[in-house]
Amino acid sequence: MRCLVSTETLPSRTRGEIISSSLGGFAAIFLIAWGSGWVLAAQDVPFIVASMGAAAVLIFAAPKSTMSQPWPLIAGHLISAAIGVSCAKFIPDLALASAVAVGGAIFCMHLSRCLHPPGGAAALVAVIGGDSIQALGYGYLLAPVGMNVLIILLVAVLFNNALAGKPYPMRKSEARD
């Protein structure tokens, strides 16, 4: 039987790269969970932390990816969050609002050249998130989303440049998919 899973899907990493990317992800998510706890009810924090966890994998494990660069990170989250809040406010059916939020986020991220898959989660959380998320309305863009994007970006610059010795962000010509 032929194996469908390739071990060559990602370039091999050094032990130091694995450790620094893991520590960067740890530090970013710790700070995001702590900061989100100041803005949201405790039961709604996991929604935000989970969506930022996907961003952490991209930023720390694949910092050269075009989807990991600052423009996709920032704009992808904020544009998607705005679409999600709009859907939550104006589309009463949860299933339809969820679908329009994610589909609309993908569409707008493509148009804005800021495709960042965790942006889809930012849009979806605005629709399905708990009461404290819903109560924020468009404030959701500033805190927790904007705050968390700033945290993860600052930690990424620190960990990738200072600790791992990997330049981040990449120059446009260096970034790759």
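Scroll up to find the structure.
What comes next is a walk through the structure. Keep in mind the model is a prediction, meaning the values are calculated, not measured. (Residues numbered from 1 in each chain as written. Predicted model: local features only at pLDDT ≥ 70, side-chain atom pairs only at ≥ 80, totals over all residues. Heavy atoms only, no water.)

1. Structural notes on the overall build of the protein chain
Okay, so step 1: A count of helices and strands for the protein chain gives seven helices and zero strands.
Okay, so step 2: Going from the N terminus to the C terminus, the protein chain shows its helices and strands as α-α-α-α-α-α-α.
Okay, so step 3: In terms of overall dimensions, the protein chain is globule-like: its C-alpha atoms have a radius of gyration of 17 Å, near the 16 Å expected for 177 residues.
Okay, so step 4: For the C-alpha atoms alone, the extent of the protein chain along its principal axes is close to 50 × 40 × 35 Å.
Okay, so step 5: Within the span of the protein chain, comprising 177 residues, buried residues form 43% of the whole.
Okay, so step 6: Relative to all contacts within the protein chain whose residues are 6 or more apart in sequence, the contacts with residues 24 or more apart total 74%.
Okay, so step 7: Surface summary for the protein chain: the accessible area is close to 9600 Å², and the carbon and sulfur share equals 70%.
Okay, so step 8: Within the protein chain, the 7 negative side-chain charges are centred at a point lying 12 Å from the centre of the 10 positive side-chain charges. (Helix = DSSP H or I, 4+ residues; strand = E, 2+ residues; numbered from the N terminus. Rg over C-alpha atoms; globule rule 2.2 N^0.38 Å. Buried < 20%, exposed > 50% of the residue type's maximum accessible area, 1.4 Å probe, protein only. Contact = heavy atoms within 4.5 Å. Areas by Shrake-Rupley, 256 points an atom, 1.4 Å probe, with all protein chains shown as cover. Lys, Arg positive; Asp, Glu negative; His and termini not counted. Charge placed at Lys NZ, Arg CZ, Asp CG, Glu CD.)

2. Description of the packing of aromatic side chains
Okay, so step 1: Following the criterion strictly, the structure yields two aromatic pairs and no others.
Okay, so step 2: Between the aromatic rings of Phe 26 and Phe 30, the centroid separation amounts to 6.3 Å while the plane-to-plane angle is 15°, which identifies the pairing as stacked. A residue pair is termed a helical-turn pair when its members lie 3 or 4 positions apart in one helix, as Phe 26 and Phe 30 do in helix 1 (residues 15-39) at four residues. Each member of the pair Phe 26 and Phe 30 is classed as exposed. (Phe/Tyr/Trp six-rings, centres within 6.5 Å; stacked < 30°, edge-to-face > 60°.)

3. A word on the nonpolar core
Okay, so step 1: Among the nonpolar cores identified, the biggest contains 30 residues, and Ile 48, Phe 60, Leu 73, Tyr 140, Ile 152 and Val 155 are the most heavily contacted of them.
Okay, so step 2: Ignoring anything within four residues of it in the chain, the contact list for Ile 152 reads Ala 28, Ile 32, Met 52, Ala 55, Ala 56, Phe 60 and Leu 73.
Okay, so step 3: By size, the runner-up hydrophobic cluster in this structure holds eleven residues, among which are Ile 91, Ala 105, Met 109 and Ala 123. (Core = buried A, V, L, I, M, F, W, Y, C linked by side-chain atoms within 4.5 Å.)

4. Here we look at unusual backbone geometry
Glycine aside, the phi torsion of most residues is negative, and most peptide linkages are trans.
Okay, so step 1: Each neighbour pair has its own omega, and for Ala 143 with Pro 144 the value is 25°, a cis peptide bond.
Okay, so step 2: Residue Tyr 168 is joined to Pro 169 through a cis peptide bond whose omega torsion reads 0°.
Okay, so step 3: Considering the arrangement of structural elements, one finds Pro 169 in the segment after helix 7 (142-163).

5. Overview of a nonpolar patch on the surface
Okay, so step 1: Together, Phe 26, Phe 30, Leu 31, Trp 34 and Trp 38 line one region of the surface with nonpolar side chains, adding up to about 670 Å² of accessible area.
Okay, so step 2: Looking at the secondary structure, you find Trp 34 in helix 1. (Patch = residues over 30% accessible without salt bridge, like charges linked within 9 Å, V, L, I, M, F, W, Y side chains within 5 Å. Salt bridge = Lys/Arg side-chain N within 4 Å of Asp/Glu carboxyl O.)

6. A word on the side chain of His 77
Okay, so step 1: Its location among the elements puts His 77 in helix 3 (residues 70-90).
Okay, so step 2: A relative accessible area of 1% means that His 77 is categorised as buried.
Okay, so step 3: Residue contacts for His 77: discarding those within four places in its chain leaves Met 52, Ala 55, Pro 72, His 116, Pro 118, Gly 119, Ala 122, Val 145 and Val 149.

Nothing here speaks to function; it is geometry throughout.
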